[in-house]
Structures are given as C-alpha cells and as structure tokens.
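Single-letter residue listing:
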Amino acid sequence: MRELIFNKRLLLFLICITSLIVVLVNGAMSDSAAVEQGFRQRLDQVANAESTAEDVKAEILFGRQLAARILGRYQLYKDDKLTRYINLVGKGVAQYSNRPELVFRFAVLDTEIVNAFAAPGGYIFVTKGALKAMDNESELAAVLAHEIAHVAERHIVKELKIKGSDDSSTAGMARVIGGKFDAVRVVFTQMVDNAVELLMEKGLKKQDEFDADRIGTFTIAGAGYDPKALYVYLKKISTPDKDTNIITGTHPSFEDRLSKLELELKENNLTDKIQPVVKERFNENIKIK
Amino acid sequence: MKMILSVLSIMGLSVMLFSSRCEADLYVQSVRAPILSEPSLGSAKVAEAVKGEAVKELEKSGNWYKVGYRDKTGWISRLLVNSNPPAGKVSVLEESAEKLDKTVRKRASAFTTAAAARGLAEDRARISDKFKVDYKSVEIMEALNIREEEAVRFIRYGVEK
C-alpha cells in the first residue's frame with residue numbers, strides 16, 4: 001500500500017516536472033519566435049494575418065459598390081476582344097500575387113486620362129488613355145500588377161481606418177455590411193463615398209503608391225515579364241506630349257516614384273535582368289481609336 | 001522503474017513535439033513561387049514551389065524568408081507566402097443564395113442578387129447622391145469568367161515564346 005502511494009506521488013511529481021520543462025522549453029524557444037511572430041504580423045499587413053472568409057466577403061461587397069461609382073464617373077469601354085485580353089493578362093498576373101481567395105476582374109474605362117484604379121475585392125480598371133500610352137504587354141502587366149498590389153495589401157481598406165473590436169481592418173466593415181438598420185446603411189454609404197474621394201481625388205498615401213510600384217514590379221518579374229516595364233512606362237508618361245492628359249494628383253510625383261523604383265531594381269539585381277516585353281501579342285489585341 | 005521510464009519517455013516526446021514548433025511552416029499563396037539562392041530577385045533560382053505547398057521557415061531577413069523546400073534551401077519573398085494554407089475562392093454568392101428573402105427580386109446578375117439579399121441593392125444604397133452609380137457595367141464585368149489556369153497558360157505562352 002505504501003509502495004502504491006509512493007509510486008503515485010512519484011508519478012504526480014514527474015508529471016509536474018514534465019509540464020514545467022515543456023513550458024520552459026516552449027517559452028524559451030518561442031520568446032524569439034513570439035517577437036518574430038509579432039514582427040511578421042505587423043509586416044504582413046492586417047489582411048494577410050488570419051483574415052476570415054467573412055472579412056473577404058465584406059471587402060468584395062464594399063469594392064463592388066466602389067466599382068459601381070468608378071463606372072458611374074467613367075463609362076465602361078465596351079470592346080469584347082480587348083476586355084478579354086486585359087482580363088487574361090490581369091488574371092494571369094494576379095496568380096503571382098498572394099490573394100488566391102479573390103477573383104480579380106478587369107475593365108477598360110472610356111476616358112483619355114492616363115490612369116488606373118483598384119477597388120477592394122479585385123475590381124481593377126485601366127483607362128483608354130493609359131492603354132494608348134503603353135507599348136507592350138509587359139507595361140500592361142506592370143500597371144495591372146500595381147493595381148493588384150493595392151488590392152492585395154488592402155490599401156483602401158486600411159486607409160479608411162475601419163477598425164473592428166479585434167483591430168482587424170475589415171472586421172468593422174463586415175459588421176457594417178451585415179448590419180440590419182438604416183443608420184448602418186448610412187455609415188456604409190459614407191464609407192463608400194470616402195473611398196471614392198480617396199481613389200479619384202485625394203489619392204492614397206504616398207507610401208502605399210511606392211509599395212504598389214515595388215510589389216507590382218516584383219510580381220511581373222515573377223510572372224516572367226521584363227522587370228523594368230513599370231519604370232519604363234512611368235518614365236514615358238512623365239514626359240507627356242501636348243496630346244496626353246495626365247492626372248498626377250492621385251499619385252506622388254513621377255520623380256519620386258522613378259527614383260525609388262530605380263533603387264529597388266538595382267538592390268534586387270533586376271536592372272540587367274532580361275525578360276520578354278511581349279510586343280506582338282499586345283499590338284494584335286490593343287487597337288483603340 | 002517501468003513507470004519512471006514511461007514518464008521520462010513522455011517528457012522527452014513532449015519536449016521534441018514542442019521544439020518542432022520553432023521551424024514554422026509557411027504556405028505558398030501564388031501559383032508559382034521561385035526559391036532563390038540569395039535574398040534578391042535577380043539571383044539564381046534553386047527551386048520553384050507551387051500554390052499550397054509548405055516550406056519550412058529557417059530564417060528571416062527583411063522581405064525574405066530562408067526556407068527549406070524538399071532537399072533544397074533558398075530564399076522566398078514574404079509577399080508570396082503566408083502562415084496559413086491558401087484559402088479557397090471566397091464568393092458572396094453561396095450564403096446569400098440560401099438566405100434569399102422571398103421579397104428579393106431575382107436579378108440578372110447573381111452578384112446583384114447577393115448584394116440585394118444583404119440590403120445593399122443600388123436603390124436602397126443610394127442614400128447619398130454624391131456619386132453616380134452604374135451597376136449594369138459592374139454586372140458586365142462580373143459576367144466575364146476566365147479560368148485562372150487559362151490565364152496563367154496565356155501569360156506563360158507569351159513570356160516563354
């Protein structure tokens with residue numbers, strides 16, 4: 001009997017020691033991992049870290065509202081062959097980014113201004129004016145990749161500072177969209193209006209534009225296009241002839257963007273990396289009056 | 001004696017199990033993710049992982065992770081990986097289709113129907129007249145369905161020609 005009690009005490013003692021060792025070992029090893037995890041979560045932006053399907057649905061529905069307003073301001077340019085081509089290039093490039101849960105959609109806007117827009121959830125627009133300024137498919141891919149990066153990094157969502165109780169940018173939006181009262185609808189519509197102003201008039205934060213330039217360039221390089229394409233395109237449209245109508249109010253100065261991009265290309269050994277520009281197929285598909 | 005040995009085995013196993021958490025898995029999100037010899041896009045490719053595959057994180061440097069992939073070691077851009085496996089497509093359609101209220105009119109586009117089911121149809125959403133809206137054109141955008149595999153093949157055909 002005494003032996004039995006002794007064994008049970010010994011067992012209990014050893015279990016406690018085991019637990020202690022496990023906790024200590026885990027704690028010691030995860031101290032640096034915890035710091036690392038915290039850094040990674042900050043670096044990964046809000047959305048990439050543990051975004052739920054509800055968050056993404058909210059993002060899509062919000063983006064759809066914004067898309068309707070973009071198309072309300074600039075009409076849809078209807079050309080089936082051209083639209084299909086833009087979607088093939090855009091969707092293909094999007095597969096080299098990190099939002100596999102989104103369906104990206106692309107449309108051409110019937111305006112001579114040289115610009116492109118991205119709405120959350122994957123609604124991407126490029127203007128007729130921008131297409132006319134391009135010389136090859138790698139430049140098209142680069143512009144679309146820049147816009148895809150805005151969506152992938154949730155720039156608009158974050159800039160609207162929509163915060164939920166768990167500090168996720170889209171959790172608040174999901175609550176608003178799921179809300180059942182008219183007051184909530186007003187809030188939602190106000191959010192959409194703010195987003196339109198941001199996109200069309202004020203512009204996103206400079207850093208977001210620089211990030212989209214960098215990420216867009218990396219994306220097209222990964223897809224196999226000429227890594228310098230965005231740099232070349234921006235340089236080209238920064239010296240417009242009298243016939244082009246460029247709006248730079250929504251972006252940082254070309255000088256800043258070009259110098260940052262030049263540095264990124266250099267630091268990543270991409271300046272001399274030769275990859276195709278794909279000109280022939282571009283010319284076959286882009287025929288705009 | 002047997003009891004002590006059993007407990008010691010459990011202790012050893014627990015330590016091993018918990019220590020294996022230090023080498024975290026990262027999952028590839030993009031259709032293809034090059035693994036490079038150095039943390040620089042212009043460096044040589046040592047391998048290429050595909051969407052959904054796991055790589056073992058060994059080290060972090062700026063925007064790059066040093067990873068183990070199969071029998072190779074190299075660097076992968078943090079833009080292409082996530083600590084969770086890639087999510088399947090998120091659609092606003094399925095849930096709304098089930099919860100469609102009888103009063104919601106069926107519309108040409110399933111997306112508009114889905115939005116309507118959540119009370120976000122254009123007529124009810126137009127509390128503000130600040131901006132003109134065009135949902136018909138949004139529906140035209142949404143009607144074009146191109147499979148991602150086709151789009152990836154299209155790109156690869158263009159750049160590998």
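Residues numbered from 1 in each chain as written. Chains lettered and ligands numbered in written order. Predicted model: local features only at pLDDT ≥ 70, side-chain atom pairs only at ≥ 80, totals over all residues. Heavy atoms only, no water.

## Topic: the packing of helix α4 (residues 80-94) of chain A against helix α6 (residues 148-160) of chain B
Where α4(A) contacts α6(B), the axes come no closer than 8 Å and their chain directions differ by 90°. In terms of axis orientation, α4(A) runs roughly perpendicular to α6(B). Contact residues: α4(A) offers A:Arg84, A:Tyr85, A:Leu88, A:Val89, A:Lys91, A:Gly92 and A:Val93, while α6(B) offers B:Glu148, B:Glu150, B:Ala151, B:Val152, B:Phe154 and B:Ile155. Here the residues of the contact of α4(A) with α6(B) sort into eight nonpolar, one polar and four charged. (Axes fitted to C-alpha atoms, helices over the stretch in contact; angles between N-to-C directions. Helix = DSSP H or I, 4+ residues; strand = E, 2+ residues; numbered from the N terminus. Parallel < 35°, antiparallel > 145°, perpendicular 65-115°, else oblique. Contact = heavy atoms within 4.5 Å. Nonpolar A, V, L, I, M, F, W, Y, C, P; charged D, E, K, R; others polar.)

## Some points on the confidence of the model for chain B
Taken residue by residue, chain B gives an average pLDDT of 78. The fraction at 70 or more is 68%. For this predicted complex, the interface score ipTM comes out at 0.77, alongside a pTM of 0.77. (pLDDT = per-residue confidence, 0-100.)

## Section: the packing of aromatic side chains
Applying the stated criterion across every chain yields a total of two aromatic pairs over all chains. A centroid spacing of 5.9 Å and a plane angle of 15° characterise the contact between A:Tyr74 and A:Phe117, whose relative ring orientation is stacked. Pair noted here: A:Tyr74 is in the loop between α3 (53-73) and α4 and A:Phe117 is in strand β3 (residues 116-119), with a separation of 43 residues, a long-range link. Taking the relative accessible area as the measure of exposure, A:Tyr74 reaches 15% and is therefore buried. Taking the relative accessible area as the measure of exposure, A:Phe117 reaches 3% and is therefore buried. Ring centres of A:Tyr85 and B:Phe154 lie 6.0 Å apart, and the angle between their planes is 75°; on these two criteria the pair is classed as edge-to-face. With A:Tyr85 in helix α4 and B:Phe154 in helix α6, this pair bridges two chains. Neither A:Tyr85 nor B:Phe154 differs from the other in exposure class; each is buried. One residue, A:Lys260, lies across the ring of A:Phe210, its end atom 4.9 Å from the ring centre. Between the NZ or CZ atom of A:Arg281 and the centre of the ring of B:Phe154, over which it lies, the distance is 3.6 Å. (Phe/Tyr/Trp six-rings, centres within 6.5 Å; stacked < 30°, edge-to-face > 60°. Buried < 20%, exposed > 50% of the residue type's maximum accessible area, 1.4 Å probe, protein only. Lys NZ or Arg CZ within 6 Å of the ring centre and 35° of its normal.)

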